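# Report on the structure
Here are the chains, one letter per residue:
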Amino acid sequence: MLNDSLEYCPHCHTNLQGDAIPEEQQKSYNATHFTKKIGMTTLKADRILYWQCPDCDGTWSIK
């Protein structure tokens, strides 16, 4: 069983847990729910550089 993917914005504390992932696909995503946080990058980067909250636009680093 996968862990619940409940997560909150570190700035405004809004719930960032998105819609449920269909049970048969959860293992592929290694999560129970999609996320609402936004992965931010640049044209030069080939990876997510930091996260952004869709509600307050606050940002935080990748852990």
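Higher on the page you've got the structure.
Worth saying up front: this structure is predicted, and the values here are computed from it rather than measured.

In terms of helices and strands, the chain carries 1 helix and 5 strands. In the chain, the succession of α and β elements from N to C terminus is β-α-β-β-β-β. Counting only C-alpha atoms, the chain reaches 35 × 30 × 20 Å along its principal axes. By the burial criterion, 24% of the 63 residues in the chain qualify as buried. In the chain, the share of contacts with a sequence separation of at least 24, taken over all contacts with a separation of at least 6, comes to 29%. Treating the 6 positive side-chain charges of the chain as one cloud and the 8 negative ones as another, the clouds have centres 10 Å apart.

Before going further, it helps to spend a moment on the pattern of salt bridges. A full pass over the atoms with the stated rule returns 1 salt bridge. Close ionic contact of Glu7 with Lys37 constitutes a salt bridge, the shortest N to O distance being 3.0 Å. Of this pair, Glu7 sits in the segment before β1 (17–20) while Lys37 is found in the loop between β2 (33–35) and β3 (38–40), placing the two residues 30 residues apart along the sequence. Here Glu7 falls in the partly exposed class, since its relative accessible area comes to 25%. Take Lys37: its relative accessible area is 17%, and that puts it in the buried class.

Rules used in this analysis
Residues numbered from 1 in each chain as written. Predicted model: local features only at pLDDT ≥ 70, side-chain atom pairs only at ≥ 80, totals over all residues. Heavy atoms only, no water. Helix = DSSP H or I, 4+ residues; strand = E, 2+ residues; numbered from the N terminus. Buried < 20%, exposed > 50% of the residue type's maximum accessible area, 1.4 Å probe, protein only. Contact = heavy atoms within 4.5 Å. Lys, Arg positive; Asp, Glu negative; His and termini not counted. Charge placed at Lys NZ, Arg CZ, Asp CG, Glu CD. Salt bridge = Lys/Arg side-chain N within 4 Å of Asp/Glu carboxyl O.

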